[in-house]
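# Tertiary structure, described
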Amino acid sequence: MIKKFDKKDEESGSGSNPFQHLEKSAVLQEARIFNETPINPRRCLHILTKIIYLLNQGEHFGTTEATEAFFAMTRLFQSNDQTLRRMCYLTIKEMANISEDVIIVTSSLTKDMTGKEDVYRGPAIRALCRITDTTMLQAIERYMKQAIVDKVPSVSSSALVSSLHMVKMSYDVVKRWVNEAQEAASSDNIMVQYHALGLLYHLRKNDRLAVTKMLNKFTKSGLKSPFAYCMLIRIASKLLDETEGGHDSPLFDFIESCLRNKNEMVVYEAASAIVHMPNCTARELAPAVSVLQLFCSSPKAALRYAAVRTLNKVAMKHPSAVTACNLDLENLITDSNRSIATLAITTLLKTGSESSVDRLMKQISSFVSEISDEFKVVVVQAISALCQKYPRKHSVMMNFLSNMLRDDGGFEYKRAIVDCIISIIEENPESKETGLAHLCEFIEDCEHTVLATKILHLLGKEGPRTPQPSKYIRFIFNRVVLESEAVRAAAVSALAKFGAQNDDLLPSVLVLMQRCMMDSDDEVRDRATFYMNVLQQKQKALNAAYIFNGLSVSIPGLEKSLHQYTLEPSEKPFDMKTVPLATTPITEQKTEIAPVATSKLPEKLAPSRQDIYQEQLASIPEFQGLGPLFKSSEPVQLTEAETEYVVRCVKHTFARHMVFQFDCTNTLNDQLLQKVVVQMEPSEAYEVIHYIPAPSLPYSQPGSCYTLVRLPDDDPTAVSCTFSCTMKYLVRDCDPNTGEPDDDGYDDEYVLEDLEVTVADHIQKVLKPNFGAAWEEVGDEFEKEETFALASVRTLDEAVGNIISFLGMQPCERSDKVPENKNSHVLFLAGVFRGSHDVLVRARLALADGVTMQVTVRSSEETVVDVILASVG
Amino acid sequence: MFPTEPSLYTVKAVLILDNDGDRLYAKYYDDTYPTVKEQKAFEKNIFNKTHRTDSEIALLEGLTVVYKSNIDLFFYVIGSSHENELMLMAVLNCLFDSLSQMLRKNVERRALLENMEGLFLAVDEIVDGGVILESDPQQVVHRVALRGDDVPLTEQTVTQVLQSAKEQIKWSLLR
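A short tour of the structure in this document, coming up. Here the structure is a predicted model, which means the values were calculated and not measured.

To continue, consider the overall build of chain A. Within chain A, the secondary structure is distributed over 38 helices and 17 strands. Residues classed as buried in chain A amount to 52% of the 873 residues present. Long-range pairs, those at least 24 residues apart, make up 63% of the contacts in chain A with a sequence separation of at least 6. In the form shown here, chain A has an accessible surface area of approximately 40300 Å², with 50% of it arising from carbon and sulfur atoms.

Quick look at the structure:
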C-alpha cells in the first residue's frame, strides 16, 4: 500500500512524504534506539510517529513484534520531553489491543495522572482507562473520583469520558462515582458539563424516576453548554416518547423553549426533536417549522441541509405545515449542494400543488445524474408519494421513471424505481400497460436477478389479463434464452400463467414449455415439466391450484414437517394439511420503500411470529399431540396499562384445541409471584383441560402461563365464546432493593378483563393472487348467499374495514381499497378455516342510507359456510 | 422504535485524504467498517462523491458526511444519519482550525506530513472513542502544546541536512 502511494507521489511530484518507503520491519528495527542512553527525544519521537502512521494506514502488526516495540517504548517514560511523552500515550492506546501485557505501564500512567504536569494528566487518564480492566479499575478508583472533580477542565473531561467508556465493562464500579459526576455537572466549563451529563444519563437510564429528576434539575437550573442542551433535548424527547406524555407536559415546554436558544445547534436539535415526535399536531409543529424556515436561508450549507432534510420529514406527514416555506424551498432548488437541491425539490413535490409538478420534475431531470444513489432513492420516494396524491399525473411520472430506469444506478435505486412503477400500476389500472411495457424493456438489460424475477412474477400475474397478452410472451421467452437459472425459472412460471389463462395462447406456450424442458438447469426443467403436465390437462381447477395460487404454507413450517417426516418413515404419504399456514402473505402487500438511511446489515429472512410461537409451544410437553399450530392472534391486553400486574393474552388455535398464552409482568418491586395461573370460566361448551403455571414472576421480568382448552366437538358452529379470567398466584413479599423474598407467602388473586374468542380466531388469512380462479376451484357445491343491512355504517370504506377485521380473512385483488365516489363495491376475501377447509367470501356492498351487503360464501365444507353466515348475521 | 438512544457517541470516523483520494489519516470509532478493506472502499466512495464539489455535507451509505477541502487535503467527519449535522460540523471546524493554527495557516499535504505527530495529538484531543472531547481550537492547540519545530541546526543529523538540501534542489528544478 505504502509503496503504491509513494510511486504516485513521485510521478505527480506533489511534494515529499517523509514517510516514503516506510517498511514495517525497518521501522521496528529503528525502534531499537529506544534502548540507547541517553534518550534522543527527537529521533524517538520520529520513530513513534512512524509506528502510529503505519498502524493508521492499516498495516498489520503481529503480537510478538508489537509487544517487543511496546516494551521498548516503555523506556521512553524516562525522558521528560512533553511531546514524546504524549506520543507514548497514543502508542499505548493504539497498541492496547495488539500487544501483550500492556498493563505494565499502569504505574507510570498512574504517576502521570496524579502528577503536577496538567498537560500529562488528561491524556494519561485516557490511556490508562484504555488498558484497565474491572479489577484494576478498583485499584485506581480513588484517583478517578478525584480526577472527575478536578478543577482543570481537561482532566475532568478526560476522567468523565473514560468513565463513560468503562460503563460497558464495569458498570458496578463506575456507578459509585455518581456523586462526583453530579458535582462535575455544575462545572463552569461547557465540555465538562456535557460529559458529566452524558455519564449521569448512562448510569441512570434504566431508572426512569432518576432520569426525570435529573431532567427537572437541569432544565430549571439551565446549562451553558450547547452540547449538553442537545443531550438534554434528546433525553427529554425519549422520556416523552416512553411515557407517552402529552404535549402539555413540562418536558415538551422545555424542548419548545430551546427553539429560542441562541445557539443554532440547540435550536436545530429542538426542532428536529419536535418533528420526530409521533402525533404532533400542525399547531405544535408550527414553531419548529418556522425556525427551520429561517435556517433555509443560512449561508452555512450544513445548516441548510439539516433544515431542508427535516422539513422533508415533516412534509411526509403534514404537508400543509410546510406550505409556508415553499418560497424558501424554491430558492434552494438551485443550491450548489445537490443534496440540498434534491431535498428541496422532493419536499416541494410533497407540499406543492398539482400545477407545479411538471415544472419541478423538469428541474430534477436536469441534475438527477449528478446526485448520489441515496438521494435518487429520495427522489423516487417523492414521486411515489406524488402518484398517490395526484393519480392524474401518472403519465408524467411514468415517463420520468422510465428515463431514470435507463440511467446507471445501484441496486437500491433500481429497486426503488421498480417498486414505484409497480405501485403506480396497482393504483391506476389505466397505467398498467405503459408500466408493464417499461418494465419489459428494463428486464431486457437488467443485471439484478432479484428485480428480474420480481418483474417476471408481476408479468405473469398481470400480463394475461391485459387486452393483448401475446406481446409479453416475447419478452418473457427472451429471458429463458439469455439469463441465469433463477431468472429462467421465474420466466417459465410466468409463461405457464399465460398458458393457463389464455386458451388461444396455450398451444404456443406448450411449444415454448417443451423447449424449456431441455434446459441445462434442474429447477428450470422441473418447473417446465410440471407446468407442461398441468397445462395439458386443461382443467380450470388444476390450473387454479397449481399455477395461479401457489402454496400458502409457512416455509420454515414446511421444512420442519418434511424433516420430521423423513425421520419417522411411514407408509402414509406426506400430508400438506399438517403444515402450518403462512401468517402474512408475502406478495401483494403494499411495498414499503425503505427509508433513506437503510441499515447496512443484510436483511435476514426472519422466522415469522407464528413460527416462533410454534417452536415455543412445541417445547411444552402438555401441548404435544395438538397438531400444527393453526393461528396465533395478536396480543390482547387484559389489564389497564398502569396496573400492578400487566397481562396480555395471545390466542393460539389448533385443529381441536385452543391454547391461551398469558404474558404476565409484575410491576411491583416488593413482590415475587409464584405458581401463577389464569383461571378461565367459559360461557359456552368449551372445556378447560389443563393449566400450566408460570413458576415464578420476579419484578419486571415477564413470564408466561398457559391454559389449554378443548373446542366443543359436537357443535362445530360454536365458534365464539367469552371467558372470564382470574389470575391466581402465591405472593412472597420481598426487599425492593435486593429482591430477597420472605420465606412465607400467601395466596391471592387478581381479576382480569374478559377474553373473547371470535370467528376470526378460527380463520387464517390466505392470499389468493387470482381470486376468480380460486372461486371456480372451490366450486358452488356448498355455496350460500344472504343479504344483510348494515344500518350503523355510513361509508363503504368503513364497511369494508369492519368486515375484514370481523372475519379475519385476507382481502384479495386489492378489493380492500374502495375507489372514490363509488356507490357499490365488491370485496373478495379468502381464508382457511380451522381443519384446513378453504373458505372464500364475496361481499357485494351497496351504499344507500346505510350499507346493504350481499354475502356469498363458498367452502369445501358445509358447516364452515354456515358458521360464517351465522356469525355475520 | 425511538430513532436515537441519547448518547455522547457522536462521531463514527475522522478522515483526512489527499487529492488522489489516498488515506493520510483515518480513525474509525465504531464497527461500521470493521476491516481495512471495507474502510478503504468507503474512503474511495466518499472521495469520488465529494472531491469535485465544494458542498460541505452529503449523505453517503446511510451516513452523514461533513467535509471541507483545502489545497490538496480533504477533511471528513462522519456520523450517523440521525446525528445533529451541526455537531459534526463543530468537530470538523475544530479539527481544521486547530491544524490551521498549528501549521501556521499552511494547511496542505506537505506541511501536514511533516507534522503528523501534531495531527495525531490534535485528533486525540478533539474526539475520544467517538465522544466529542473538545470543540474549541484554542484549547486543542494549547493542550497539544507542540513545541516549536525550529530545531537548531546542530541537532539535525548530516543525513537530514542532506535530505532537506536535496529536497530544495529538486523543488527549485521543478519550478
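There's plenty left to go through after this.
Before going further, it helps to spend a moment on the overall build of chain B. Along its length, chain B carries six helices and seven strands. Overall, chain B shows an N-to-C arrangement of helices and strands of β-β-α-β-β-β-α-α-α-β-β-α-α. Residues classed as buried in chain B amount to 57% of the 175 residues present. Counting only contacts in chain B whose residues sit at least 6 apart along the sequence, the fraction spanning at least 24 positions is 53%. About 7700 Å² of surface is accessible on chain B, with carbon and sulfur atoms providing 52% of the total.

Each side of the interface is counted separately: chain B has 64 residues, and chain A has 70 residues. The contact between chain B and chain A buries some 6400 Å² in all, and 57% of this surface belongs to carbon and sulfur atoms. Taken as a group, Leu8, Leu59 and Leu86 of chain B account for 11% of the area that chain B buries against chain A, more than any other trio of residues on that side. For the salt bridge of Asp124 of chain B with Lys93 of chain A, the shortest nitrogen-to-oxygen distance reads 2.6 Å. For the interface between chain B and chain A, the tally reads 25 residue pairs in polar contact (both at pLDDT 80 or more). The element best represented in the side of chain B that touches chain A is helix H4 (residues 116–126) of chain B, accounting for six residues. The residue inventory of the side of chain B that touches chain A, partitioned by class, reads 29 nonpolar, eleven polar and 24 charged.

Turning our attention to the packing of helix H31 (residues 506–516) of chain A against helix H32 (residues 522–537) of chain A. Residue and element names in this part refer to chain A. Running from N to C, H31 and H32 cross one another at 150°; their axes reach a closest spacing of 9 Å. The orientation of H31 relative to H32 falls into the category roughly antiparallel. The way H31 lies across H32 gives a crossing that is left-handed. Facing H31, whose interface residues are Leu506, Val509, Leu510, Met513, Gln514 and Cys516, H32 presents Val524, Arg525, Ala528, Tyr531, Met532, Leu535 and Gln536. Tallied by class, residues from the contact of H31 with H32 come to ten nonpolar, two polar and one charged.

Two side chains carrying opposite charge are able to pair once their charged atoms lie near each other. Enumeration according to the criterion identifies 45 salt bridges over all chains in this entry. The salt bridge involving Glu125 of chain B is made with Arg126 of chain A; its shortest N-O contact spans 3.2 Å. Here Glu125 of chain B, found in helix H4, pairs with Arg126 of chain A, found in helix H7 (residues 118–130), and the two come from separate chains. The class for Arg126 of chain A is buried, based on a relative accessible area of 3%. Overlapping salt bridges bring together Arg86, Lys93 and Arg126 of chain A together with Asp124, Glu125, Asp128, Glu134 and Arg143 of chain B as one network.

What follows is about helix H25 (residues 394–406) of chain A. Because each turn of an α-helix spans 3.6 residues, side chains separated by three or four positions end up pointing in the same direction. Residue and element names in this part refer to chain A. When the terminal C-alpha atoms of H25 are compared, their 18 Å separation across 13 residues agrees well with the 18 Å that a helix rising 1.5 Å per residue should span. For H25, the complete set of buried residues consists of His394, Met397, Met398, Phe400, Leu401, Ser402, Met404 and Leu405. Here the buried face of H25 lies against helix H23 (357–367), helix H24 (373–389), helix H26 (411–427) and helix H27 (432–444).

All names here are of chain B. Looking at where His51 falls in the secondary structure, it is placed in the loop between helix H1 (36–50) and strand S3 (57–60). Residue classification places His51 among the partly exposed residues on the basis of a relative accessible area of 30%. It is 10.0 Å that separates the C-alpha atoms of His51 and Asp18, two residues lying 33 residues apart in sequence. In terms of polar contacts, His51 uses its side chain to reach the backbone carbonyl oxygen of Phe47, at 2.8 Å.

With that settled, consider the packing of aromatic side chains. Overall, the coordinates contain 19 aromatic pairs over all chains when judged by the stated rule. On the numbers, 5.3 Å between centres and 80° between planes, the contact of Phe47 of chain B with Phe74 of chain B is edge-to-face. Of this pair, Phe47 of chain B sits in helix H1 while Phe74 of chain B sits in strand S5 (residues 73–80), and the two are 27 residues apart along the sequence. Residues Phe47 of chain B and Phe74 of chain B agree in their burial class; the two are buried. Among the aromatic residues, ring-to-ring pairing joins Phe77, Tyr89 and Tyr120 of chain A into one connected group. When the ring centre of Phe475 of chain A is taken as origin, the NZ or CZ atom of Arg474 of chain A, which lies over that ring, is 4.5 Å away. Over the ring of Phe96 of chain B we find Lys68 of chain B; its NZ or CZ atom is 5.0 Å from the centre of that ring.

With that out of the way, let us pick up the sheet that holds strand S2 (residues 23–28) of chain B. All names here are of chain B. Judged by pairing direction, the sheet is antiparallel, and its five strands sit side by side in the order S2-S1-S5-S4-S3 without closing on themselves. Every other strand in the sheet has two partners, leaving S2 and S3 as the edge strands with one partner each. Within the sheet, the average angular offset between the axes of one strand and its neighbour, ignoring direction, is 20°. Sheet analysis places strand S1 (residues 11–18) next to S5, joined by seven bridges and oriented antiparallel. Paired with Ile16 across the strands is Phe75, a residue of S5.

This next bit is on a negative patch on the surface. Residues and elements named next belong to chain A. A grouping of Asp670, Asp733, Asp735, Glu740, Asp742, Asp743 and Asp744 is seen on the molecular surface, where their side chains present a negatively charged patch. Relative to the helices and strands, Asp742 resides in the loop between strand S9 (721–733) and strand S10 (746–751). The class of Asp742 is partly exposed, set by a relative accessible area of 41%.

Attention now goes to the pairing of strand S5 (residues 671–682) of chain A. All names here are of chain A. The pairing of S5 with S9 spans ten bridges and is classified as antiparallel. Bridging across to S9, Leu672 finds its partner in Arg732. Judged from the three bridges that link them, S5 and strand S7 (residues 694–697) form a sheet pairing that is antiparallel. Each bridged residue has a counterpart across the sheet, and for Val676 the counterpart in S7 is Ala694.

This part is about the nonpolar core. Among the nonpolar cores identified, the biggest contains 255 residues, and Phe34, Leu109, Ile255, Leu329, Ile383 and Met404 of chain A are the most heavily contacted of them. Sorting elements by how many residues they give to this core places helix H2 (residues 85–102) of chain B first, with twelve residues. Not counting residues within four places of it along the chain, the set of residues in contact with Met404 of chain A comprises Val368, Lys376, Val379, Val380, Ile383, Tyr413, Lys414 and Ile417 of chain A. With 29 residues, the next largest nonpolar core counts Val800, Leu807, Ala843 and Ile868 of chain A among its residues.

The rules we used
- Residues numbered from 1 in each chain as written.
- Chains lettered and ligands numbered in written order.
- Predicted model: local features only at pLDDT ≥ 70, side-chain atom pairs only at ≥ 80, totals over all residues.
- Heavy atoms only, no water.
- Helix = DSSP H or I, 4+ residues; strand = E, 2+ residues; numbered from the N terminus.
- Buried < 20%, exposed > 50% of the residue type's maximum accessible area, 1.4 Å probe, protein only.
- Contact = heavy atoms within 4.5 Å.
- Areas by Shrake-Rupley, 256 points an atom, 1.4 Å probe, with all protein chains shown as cover.
- Buried area = accessible area lost by both parts, 1.4 Å probe.
- Salt bridge = Lys/Arg side-chain N within 4 Å of Asp/Glu carboxyl O.
- Polar contact = N/O pair within 3.5 Å; in protein donor to acceptor, adjacent residues only side chain to side chain.
- Nonpolar A, V, L, I, M, F, W, Y, C, P; charged D, E, K, R; others polar.
- Axes fitted to C-alpha atoms, helices over the stretch in contact; angles between N-to-C directions.
- Parallel < 35°, antiparallel > 145°, perpendicular 65-115°, else oblique.
- Left-handed = near helix turned anticlockwise from the far one by under 90°.
- Expected span 1.5 Å × (residues − 1).
- Phe/Tyr/Trp six-rings, centres within 6.5 Å; stacked < 30°, edge-to-face > 60°.
- Lys NZ or Arg CZ within 6 Å of the ring centre and 35° of its normal.
- Pairing = 2+ DSSP bridges.
- Patch = residues over 30% accessible without salt bridge, like charges linked within 9 Å, V, L, I, M, F, W, Y side chains within 5 Å.
- Lys, Arg positive; Asp, Glu negative; His and termini not counted.
- Charge placed at Lys NZ, Arg CZ, Asp CG, Glu CD.
- Core = buried A, V, L, I, M, F, W, Y, C linked by side-chain atoms within 4.5 Å.

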